[in-house]
Amino acid sequence: MKAVVFRAYGANDVLEIRDMPKPSPGPDEVLIKVRAAGVNPVDWKVRKGEARFLTGWKFPKILGIESAGEVVEAGPHVATYKAGDAVIASGSLRLGAYAEYVAVSGKNVFPKPENISFEEAAAIPIAGMTATVALRDKGRIGPGKKVLINGASGGVGTFAVQIARLSDAEVTGVCSAGNAELVKDLGADRVIDYREQDFTKSGARYDIIFDTVSSRSFGECTRALTANGVYINTLPSLSIFWNIFKTSLLPGKKAFTIMVGHKKADMEWLCGHIGAGRLKVVLDRVYPLEQVKEAFSYSETGRVRGKVVLKVI
Ligand SMILES: NC(=O)c1ccc[n+]([C@@H]2O[C@H](COP(=O)([O-])OP(=O)(O)OC[C@H]3O[C@@H](n4cnc5c(N)ncnc54)[C@H](OP(=O)(O)O)[C@@H]3O)[C@@H](O)[C@H]2O)c1
């Protein structure tokens, strides 16, 4: 089968399209014929070796974490799926999604909502679950809460703005001027152009600041948080872990970071809202699998509006 493979960690030139053996599913796995696969910053961070302690040193590796496609075969312990079912696979750092076929644990496979394409479906897991966990679980979002989403036009941000809107929160999105209309259309009450105004210094206070692009520190954001406000970013680091520890000891403002995992309930929650038309996937560009380098180069600019996806078959 055709696959995007890398033989070492490095820049885009370590990537090649190669013929690889088709995986066979284990007893708890589902073999999926991949129709589309999501591109997230984590994919090129993996390529660079930034997660090497988790992804290991065994090469060649097939890249890719999340995908959507059709079930070819389900292992004997997976009763939920049968050949032909349209599904989303949230995958893991075992990788393998940038290929014509991928074997994924049955726990990480979900029915595709019927009202969306395979390209849209493949873009949901990482960005959608990150936004869900951040706002719902860490931020305890609810009606009337004042929420600021920094990076509102990106993959995580476009889900986050819509989830905040759905929760009847008061939503402020931060992005550059060219993306203001998109963010308003997704449900933001206000948009701040970060090139013109520093939200941490405007005097406004928020119950939740979700920094999807992790461009502002907890220290900078504390002045823009309400007394019990919550800051959440997406970049685990020593400094955020220190702030999480420190703020856990005292009442008042809290710091959190996200390490997205696989919670069946979260994907079901997201797919339920998407299936009912209450949330949508914002697709920016769809590249054929062969243009994975172009897709990564675009993602690495940091200018993606919504999601980038690879079309596989
Ligand atoms: N820890 C986890 O589990 C986890 C999970 C998912 C994502 N992440 C991380 O979260 C980050 C965001 O992911 P993503 O998929 O949303 O990325 P993305 O789609 O590539 O983000 C691009 C967006 O970021 C905006 N942006 C760039 N610089 C900005 C700034 N200084 N202020 C405000 N907005 C800015 C851009 O808007 P403009 O063009 O308007 O500037 C663009 O729309 C990545 O670093 C990713 O690795 C972590």
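The notes below deal with the structure included here.

## Observations concerning the site of the ligand
Near the ligand you find 25 residues, and of these Ser 176, Tyr 194, Ile 258, Val 260 and Val 304 are the closest. A distance of 2.7 Å is found between an oxygen atom of the ligand and a backbone nitrogen or oxygen belonging to Val 260. Within the backbone of Val 304, an N or O atom sits 2.6 Å from an oxygen atom of the ligand. Relative to its free-state accessible area of 940 Å², the ligand is covered by the protein chains to the extent of 86%. Secondary-structure elements contributing two or more residues to the shell around the ligand are helix H1 (41-48), helix H4 (125-138) and helix H5 (155-166). Of the residues that constitute the shell around the ligand, the class distribution is 10 nonpolar, 13 polar and two charged. Here the shell around the ligand gathers at least three residues from each of two domains, domain 1 (2-124 + 281-311) and domain 2 (128-257).

## Focus on the packing of aromatic side chains
According to the stated counting rule, one finds seven aromatic pairs in the structure shown. Seen from their ring centres, Phe 53 and Trp 57 are 5.8 Å apart, and the 75° between their planes marks the pair as edge-to-face. Under the relative-accessibility criterion, Phe 53 is labelled exposed at 74%. Take Trp 57: its relative accessible area is 52%, and that puts it in the exposed class. One Lys or Arg, Arg 136, reaches over the ring of Trp 269 and ends 5.6 Å from the middle of that ring. Residue placement shows Arg 285 over the ring face of Tyr 298; its charged tip is 3.6 Å from the ring centre.

## Focus on the environment of Cys 271
With respect to the helices and strands, Cys 271 occurs in helix H9 (residues 264-275). Separated by 263 residues in the primary sequence, Cys 271 and Ala 8 have C-alpha atoms spaced 36 Å apart. If we ignore the near neighbours within four places in the chain, the residues touching Cys 271 are Ile 88, Pro 111 and Pro 113.

## Digging into the sheet that holds strand E14 (residues 254-257)
Strand order in the open sheet made by the six strands is E11-E10-E9-E12-E13-E14, with parallel pairing throughout. Looking along the sheet, the strands with just one partner apiece sit at the ends: strand E11 (190-193) and E14. Strand-to-strand twist of the sheet, defined as the mean angle between neighbouring strand axes without regard to direction, takes the value 15°. Pairing analysis gives four bridges linking strand E10 (residues 170-175) to E11, with the strands arranged parallel.

## Side note on the layout of surface pockets
Within this model, the second largest pocket holds a volume of roughly 500 Å³. Lining the second largest pocket we find 25 residues, and of these Ile 62, Arg 94, Leu 95, Gly 96 and Ala 103 sit closest to its centre. Elements with a contribution of two residues or more to the lining of the second largest pocket: strand E4 (61-62) and strand E7 (101-105). Of the residues belonging to the lining of the second largest pocket, the class tally is 14 nonpolar, eight polar and three charged.

## Quick look at the sheet that holds strand E1 (residues 2-6)
Whether parallel or antiparallel, the strands of a sheet pair through hydrogen bonds between backbone atoms. On the basis of which strands lie adjacent, the open sheet formed by three strands has the order E2-E1-E4 and antiparallel pairing. Both outer strands of the open sheet, strand E2 (15-19) and E4, are each paired with one neighbouring strand and no more. Of the pairings in the sheet, the one linking E1 to E4 comprises two bridges and is antiparallel in character. Its bridge partner lying in E4, Val 5 is registered against Ile 62.

## Details of the packing of H1 against helix H10 (residues 292-300)
Where H1 contacts H10, the axes come no closer than 9 Å and their chain directions differ by 105°. Considering the angle they form, H1 stands roughly perpendicular to H10. Contacts from Pro 41, Asp 43, Trp 44, Arg 47 and Lys 48 of H1 reach H10 at Phe 296, Ser 299 and Glu 300. In terms of residue class, the contact of H1 with H10 is made up of three nonpolar, one polar and four charged.

## Topic: unusual backbone geometry
Of note, the bond from Phe 59 into Pro 60 is cis; its omega dihedral lies within 30 degrees of zero at -5°. By the element assignment, Pro 60 lies in the loop between helix H2 (52-55) and E4. One non-glycine residue, Arg 140, adopts positive backbone phi at about 45°. Turning to its location among the elements, Arg 140 is positioned in the loop between H4 and strand E9 (146-150). Look at Ser 214: it is not a glycine, yet its phi comes out positive at around 50°.

## Brief notes about the pattern of salt bridges
Pairs may arise between side chains of opposite charge once their charged atoms sit close together. For the coordinates displayed, the defined rule picks out 18 salt bridges. Between Glu 290 and Lys 2 there is a salt bridge, and its shortest N-O distance comes to 2.7 Å. Here Lys 2 lies in strand E1 and Glu 290 lies in the loop between strand E15 (283-288) and H10, a separation of 288 residues in the sequence. Relative accessible area serves as the criterion here: at 43%, Glu 290 is assigned to the partly exposed category. When its relative accessible area of 26% is taken as the criterion, Lys 2 is described as partly exposed. With a closest N to O distance of 2.9 Å, Glu 268 and Lys 264 form a salt bridge. Of the two residues, Glu 268 and Lys 264 both sit in helix H9, four residues apart, roughly one turn of that helix. Taking relative accessible area as the criterion, Lys 264 reaches 52% and is therefore assigned exposed. Through salt bridges with shared partners, one network takes in Arg 136, Asp 137, Lys 263 and Asp 266.

The rules behind each value
- Each residue is numbered by its place in its chain's sequence as written, counting from 1.
- Per-residue local features of the predicted model are confined to residues with pLDDT of at least 70, and side-chain atom pairs are confined, for both listing and counting, to 80 or more; whole-chain, interface and lining totals are unaffected and use all residues.
- Water and hydrogen atoms play no part in the side-chain values, which are based on all heavy atoms of the structure.
- The nearness test applies per residue and asks whether one of its heavy atoms lies within 4 Å of the molecule or strand.
- We define a polar contact as two N or O atoms separated by no more than 3.5 Å, with the added condition that, inside protein, one atom must be a possible hydrogen donor and the other a possible acceptor, whereas residues neighbouring each other in sequence contribute only through side-chain atom pairs.
- Surface exposure here means Shrake-Rupley accessible area, sampled with a 1.4 Å probe, where a residue is shielded only by the protein chains that are shown.
- Numbering of helices and strands starts at the N terminus; helices are DSSP runs of H or I of at least 4 residues and strands are runs of E of at least 2.
- Only Asp, Glu, Lys and Arg are considered charged in this grouping, and only Ala, Val, Leu, Ile, Met, Phe, Trp, Tyr, Cys and Pro are considered nonpolar; every other residue, Gly among them, is considered polar.
- What marks off one domain from the next here is an automatic or database domain assignment.
- Ring pairs are drawn from Phe, Tyr and Trp, using the six-membered ring of Trp, whenever the two centres fall within 6.5 Å, and their geometry is named by plane angle: stacked under 30 degrees, edge-to-face over 60, tilted for the rest.
- For the exposure calls, accessible area comes from a 1.4 Å probe over protein chains only, and a residue counts as buried if that area is under 20% of its type's maximum, exposed if over 50%, partly exposed in between.
- In this analysis the charged atom, NZ for Lys or CZ for Arg, is taken to sit over a ring once it is within 6 Å of the ring centre and within 35 degrees of the ring normal.
- When checking whether two residues touch, look at their non-hydrogen atoms; a contact exists if any pair is within 4.5 Å.
- Two strands are counted as paired when DSSP detects at least two bridges linking them.
- Axes, fitted as lines to C-alpha atoms, cover a helix only where it is in contact. Angles between the N-to-C directions of the axes lie from 0 to 180 degrees.
- Here a cavity denotes a set of grid points, spaced 1 Å apart and computed over the protein atoms alone, in which a 1.4 Å probe fits but from which it cannot get out, and a pocket denotes an open set meeting protein on both sides within 12 Å along at least five of seven lines; residues with an atom within 4 Å of a point are reported as lining.
- Grid points are joined across faces, edges and corners, and a volume is the space filled by probe spheres set on the points.
- Any angle between 65 and 115 degrees counts as roughly perpendicular, while under 35 counts as roughly parallel, over 145 as roughly antiparallel, and the rest as oblique.
- What counts as a salt bridge is simple: a side-chain nitrogen of Lys or Arg found within 4 Å of a carboxyl oxygen of Asp or Glu.

Remember, this is a structural readout, not a statement about activity or role.
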